[in-house]
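Read off the chains here:
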Amino acid sequence: SGWSDSSKALLENLPETEFLGYTECEREGKALSIFVDNESVDTVSEGECTIVTDKTVFYGEGGGQVGDTGIIYDNDTMITVTDTKKVDGVYIHVCTLANGDVKVGDTVKLEIDVARRVSIMRNHSACHLLQAALRSTLGSHVEQAGQLVNESVMRFDFTHFSALTAEEIVKIEKEVNEVILSALPVESAEMPIDEAKAMGAMALFSEKYGDTVRVVKVGDFSTELCGGTHVENTGKIGLFKIVSESSVAAGVRRIEAVT
């Protein structure tokens, strides 16, 4: 599924995919392109392929959040989606055809693995709470230095000069769990980047931001620029637990946590 510069050229004439996955978990889409071994094909009837549709509910890996998995199907065709990538706004479904066939131009149904996605959403929302709690406990020098969010764990790297004490870890956990118990709404909105910065939205170190950004706000507790998917209420996270805290580089710590 590695998209080299030569294979990216295959995507150049494709329109940006309309992503509907913030609010929906299944939707019809039209197959615009099919690739097998980085070659464009008109139809595929077995094996591994990648499919680009005009619309999708599958989140394309980015911002530290893994890509969605699920199925693409119609009457007699069943395709397993094992990963979803995103290249310049074009969403790429990494697929294995179980049975049937799919042709360019076909209308198909796209459906994500909802249970897996809900777990990812819990972990991603908890990541935002963790960052806010780290800043309130350790100080405003704390900045995100990387993250990984999947269905089983969140890994959050941040700038800090020393190991966290047992007391600090307990305090951070307690603060996050209090926000979870408060059942705060998690709201997202698109806005110009200047407006987001004026709101005090925390930006990610490595992300490239366009003129319009998505801001994810958790009550008055956390405001961040984020393209990821989130629970609609912190109560849905259930419980937050820090599993480990370690050093990954000079001045960078890593917390692994679960929900």
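That block above? That's the structure.
Because the structure is predicted, anything quoted here is derived from the model rather than measured.

About the thresholds
Residues numbered from 1 in each chain as written. Predicted model: local features only at pLDDT ≥ 70, side-chain atom pairs only at ≥ 80, totals over all residues. Heavy atoms only, no water. Helix = DSSP H or I, 4+ residues; strand = E, 2+ residues; numbered from the N terminus. Rg over C-alpha atoms; globule rule 2.2 N^0.38 Å. Buried < 20%, exposed > 50% of the residue type's maximum accessible area, 1.4 Å probe, protein only. Salt bridge = Lys/Arg side-chain N within 4 Å of Asp/Glu carboxyl O. Phe/Tyr/Trp six-rings, centres within 6.5 Å; stacked < 30°, edge-to-face > 60°. Lys NZ or Arg CZ within 6 Å of the ring centre and 35° of its normal. Polar contact = N/O pair within 3.5 Å; in protein donor to acceptor, adjacent residues only side chain to side chain. Contact = heavy atoms within 4.5 Å. Core = buried A, V, L, I, M, F, W, Y, C linked by side-chain atoms within 4.5 Å.

Participant: How do you make sense of the overall build of the chain when you look at a structure like this?
Facilitator: What the chain contains, in helices and strands, is 4 helices and 18 strands. Over its C-alpha trace the chain gives a radius of gyration of 20 Å, about what one expects of a compact globule, namely 18 Å for 259 residues. C-alpha extents for the chain along the principal axes are approximately 60 × 35 × 30 Å. Classification of the 259 residues of the chain by burial places 47% in the buried group.

Participant: Where do I start with the pattern of salt bridges in this structure?
Facilitator: Any two side chains of opposite charge can pair, given that their charged atoms come close. In this structure the tally under the stated criterion is 13 salt bridges. Taking the shortest distance from any N to any O, the salt bridge between K85 and E61 comes out at 2.9 Å. One end of the pair, K85, is in strand β8 (residues 77–87); the other, E61, is in the loop between β6 (55–56) and β7 (70–74), with 24 residues separating them in the sequence. Of the charged contacts in the structure, one is a salt bridge between E151 and R116, with a shortest N-O distance of 3.4 Å. With a gap of 35 residues between them, E151 in the loop between β12 (144–149) and β13 (154–159) and R116 in helix α2 (residues 114–138) connect regions that are remote in the sequence.

Participant: Got a minute to help me understand the packing of aromatic side chains in this structure?
Facilitator: Between two aromatic rings, the relevant description is the distance of the centres plus the angle of the planes. Evaluated as defined, the whole model comprises 4 aromatic pairs. Measuring from ring centre to ring centre gives 6.1 Å for F19 and Y59, while their planes differ by 70°; the resulting arrangement is edge-to-face. You can see F19 sitting in strand β1 (residues 18–19) and its partner Y59 sitting in the loop between β6 and β7, a full 40 residues away along the chain. Taken individually, F19 and Y59 each receive the classification buried, so the pair is uniform in this respect. Following the ring pairs from residue to residue traces out a cluster consisting of F19, Y22, Y59 and Y91. The ring centre of Y59 lies 5.6 Å from the NZ or CZ of K86, which sits over that ring. Above the plane of the ring of Y22 lies R214, whose end atom (NZ or CZ) is 3.6 Å from the centre.

Participant: Looking at this structure, I do not really get the side chain of H93. What am I missing?
Facilitator: Tracing the backbone shows H93 in strand β9 (residues 90–99). Only 2.9 Å separates the side chain of H93 from the backbone oxygen of I51, close enough to count as a polar contact. Within polar-contact distance, the side chain of H93 engages the side chain of T56 at 2.7 Å. If we skip the residues at most four places from it in the chain, H93 touches C49, T50, I51, T53, T56, F58, I72, V81, D83, T84 and L110.

Participant: When you look at the nonpolar core in this model, what are you seeing that I'm missing?
Facilitator: Soluble globular proteins tend to pack their nonpolar side chains together in the buried interior. Ranked by internal contacts, the top residues of the largest apolar core, which has 30 residues, are L134, F158, F240 and I255. Where this core is concerned, the elements lending two or more residues are α2, β13, α3 (166–181), β15 (212–218) and β18 (252–258). Element by element, the count of residues in this core is highest for α2, at 9 residues. Beyond its immediate chain neighbours, meaning those up to four positions away, L134 contacts G139, V142, F156, F158, L164, I172 and I255. In terms of nonpolar packing, the next biggest core, distinct from the first, is built from 17 residues, F58, I72, V102 and V108 among them.

Function-wise, these values are silent; they only describe arrangement.
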